[in-house]
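So the chains spell out like this:
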Amino acid sequence: MAIAATNPATGEVVATFDELAAEELEDKLARAAAASYRLTDVEDRAGWLRSAADRLEADTDKVAVMIVAEMGKTYRSARDEVAKCVRGLRFYAEHGPGFLRDVNGDGESVGARSTFVTYQPIGAVLAVMPWNLPLWQAMRFAAPALMAGNVGLLKHASNVPRCALYLEELFREAGFPEDVFQTLLISSGKVEQVLRDPRVAAATLTGSEPAGRSVASIAGDEIKKVVLELGGSDPFIVMPSTDLERATDVAVKARTLNNGQPCINGKRFFVHTDVADAFIEKFAAKMGALVVGDPMDENTDVGPLATESGRQDVEDYVQDAVDKGATVLVGGERPDGPGWYYPPTVLVGITPEMRMYHEEVFGPVAQVFVVSSLEEALREANGHPYGLGSNLWSEDEAERELFVRDVQSGMAFINGNTTSYPEIPFGGVKRSGYGRELADLGMHEFMNAKTVWVGE
């Protein structure tokens, strides 16, 4: 089977690769198992991460162009993604050694001269990654895993093969021992075989809920650790005390960043009735003013969706809502011409009979709801099966406290756009998955926290 990279702006195939043959896959797994890495010096690992950061930073323009050609985000956004990866590499190079230090306990209380927890790598970790942030999604697994002393096996989305191969090359040229990070050009049908292999210790997946169910089921059957970051339909709650100009600016960014395709984009906007008319007017006007076009053009705000089927899914969601009574305030129709473009779209009048009320729309489509209180907004927000990120706009301290206490999400952002940082944990609850990435928690997910007891 050929694995192809197709330019979403034109529909043209830009590169093809052969899927690994059975013997090639076996060779990669054998080399991963044999890689002599877990006993390498921690400071050496940090040095290799710094080298990778420097090389990636030097390659910014080249890599950004490659990202645009494979998944369609704007060139500006692609450069930002590369910079974020550089930041992540340097963060773990600087702080990783501290995350790996032994943690002393109270030996006397358990009849010991001393007791402590030591963190040790578990081996080869399979990462099943999506196309929407083709470098950053993989990097937020790779940087902490490699710093921890684990071996990385990357099964990337099949439409971003060049990004996947670049990451393998990056880590090899940065000085990491041979075979410590390998890209597996395989179809999704081969994931089960790799995950069941006894040489693979654990897995992490960022992707759809069905993919998460499959990987979790296999990992459960094999008694292997897995971290899942799945879908999101994040609430964006706007209360009367906030600055509407700033809130609408960020709302537009939240819904259209990366062409509307991150899991943590604000997707459902709950606006208090006292400011609903003003918010909706400003929000719709700003969404409608965005420039949709060539992602390499510096004046473009929104590029194409990554796949033709993805655009069709977005169209189907919008049409289903309109057929059942929703109103489109702006957007809602695909433009003529080549490429998989879809305009920024705002809908009101969304009801539970519509598919988008319950499911994730992976494109620049915003649902706006009018609510009478924060309590009502939280009831509506929490009624969704996903619980990844969440967002509140309020200057009222009591409202902020209520939001943090009661919103059912893995992350709660107040007066700022939901995003990921190397410095703080990332992950969700409910059907958005479990486990955490980034910060110290992300590193410790794939380590053996070994308890040591030393007698008198």
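Heads up: the structure comes first, above all this text.
Right, let's walk through the structure included here. Not measured: the values here are computed from a predicted model. (Residues numbered from 1 in each chain as written. Predicted model: local features only at pLDDT ≥ 70, side-chain atom pairs only at ≥ 80, totals over all residues. Heavy atoms only, no water.)

1. Comments concerning the pattern of salt bridges
And step 1. Taken as a whole and judged by the stated rule, the model has 33 salt bridges.
And step 2. In this structure, the salt-bridge partner of E26 is R199, at a minimum N-O distance of 2.8 Å. You can see E26 sitting in helix α1 (residues 22-34) and its partner R199 sitting in the loop between α7 (191-196) and β8 (200-206), a full 173 residues away along the chain.
And step 3. Relative accessible area serves as the criterion here: at 28%, R199 is assigned to the partly exposed category.
And step 4. One connected set of salt bridges, linked through shared partners, spans E192, R196, D221 and E222. (Salt bridge = Lys/Arg side-chain N within 4 Å of Asp/Glu carboxyl O. Helix = DSSP H or I, 4+ residues; strand = E, 2+ residues; numbered from the N terminus. Buried < 20%, exposed > 50% of the residue type's maximum accessible area, 1.4 Å probe, protein only.)

2. Comments concerning the packing of aromatic side chains
And step 1. Within this structure, the stated rule accounts for 15 aromatic pairs.
And step 2. Summarising the aromatic geometry, the rings of Y357 and F369 are spaced 6.1 Å apart at their centres and angled 75° between planes, so their arrangement reads as edge-to-face. In this pair, Y357 sits in helix α12 (residues 355-358) while F369 sits in strand β14 (residues 365-371), placing the two residues twelve residues apart along the sequence.
And step 3. Among the aromatic residues, those joined into a cluster by ring pairs are Y37, W48, F171, F176 and F181.
And step 4. Over the face of the ring belonging to F446 we find K225, whose NZ or CZ atom lies 5.9 Å from the ring centre.
And step 5. Here R355 stacks its cationic end above the ring of Y317, 4.2 Å away from the centre of that ring. (Phe/Tyr/Trp six-rings, centres within 6.5 Å; stacked < 30°, edge-to-face > 60°. Lys NZ or Arg CZ within 6 Å of the ring centre and 35° of its normal.)

3. What about the environment of K286?
And step 1. Along the chain, the position of K286 falls in helix α10 (residues 276-288).
And step 2. For K286 and V14, which are 272 residues apart along the polypeptide, the C-alpha to C-alpha distance reads 34 Å.
And step 3. Separated by 2.7 Å, the side chains of K286 and D249 make a polar contact. (Polar contact = N/O pair within 3.5 Å; in protein donor to acceptor, adjacent residues only side chain to side chain.)

4. Some details on the sheet that holds strand β12 (residues 327-330)
And step 1. Read from one edge to the other, the open sheet built from seven strands follows the order β12-β13-β14-β11-β10-β16-β17, with strand pairing classed as mixed. Sheet topology places β12 and β17 (413-414) at the edges, where each strand pairs with a single neighbour.
And step 2. Summarising the sheet, strand β10 (residues 234-238) and strand β16 (residues 391-393) pair through three bridges and their orientation is parallel. Its bridge partner lying in β16, I237 is registered against L392.
And step 3. Seen against the sheet, helix α11 (residues 308-323) touches β12, β13 (345-348) and β14 and runs at an angle of roughly 30° to β13. (Pairing = 2+ DSSP bridges. Contact = heavy atoms within 4.5 Å. Axes fitted to C-alpha atoms, helices over the stretch in contact; angles between N-to-C directions.)

5. Focus: helix α9 (residues 244-256)
Three- or four-residue spacings in an α-helix give side chains the same orientation, since the helix completes a turn every 3.6 residues.
And step 1. Between its first and last C-alpha, α9 extends 18 Å over 13 residues, near the 18 Å set by a 1.5 Å rise per residue.
And step 2. By the burial criterion, the buried members of α9 are L244, A247, T248, V250, A251, V252, A254, R255 and T256.
And step 3. Buried residues in α9 make contact with β10, β11 (266-272), α10, β14 and β16.
And step 4. Residue D243 occupies the N-cap position of α9, its side-chain oxygen lying 3.0 Å from the main-chain nitrogen of E245. (Expected span 1.5 Å × (residues − 1).)

6. Quick notes on the nonpolar core
And step 1. Judged by nonpolar contacts, the single largest core of 91 residues is most densely connected at L56, L126 and M139.
And step 2. Ranked by residue count, the leading element in this core is helix α5 (residues 136-148), at ten residues.
And step 3. Excluding residues that lie within four positions of it along the chain, L126 makes contacts with L153, K155, L184, V191, V194, L195, V200, A202, A203 and T204.
And step 4. The next biggest cluster of nonpolar side chains, apart from the first, holds 26 residues, and it includes F270, M356, L392 and L402. (Core = buried A, V, L, I, M, F, W, Y, C linked by side-chain atoms within 4.5 Å.)

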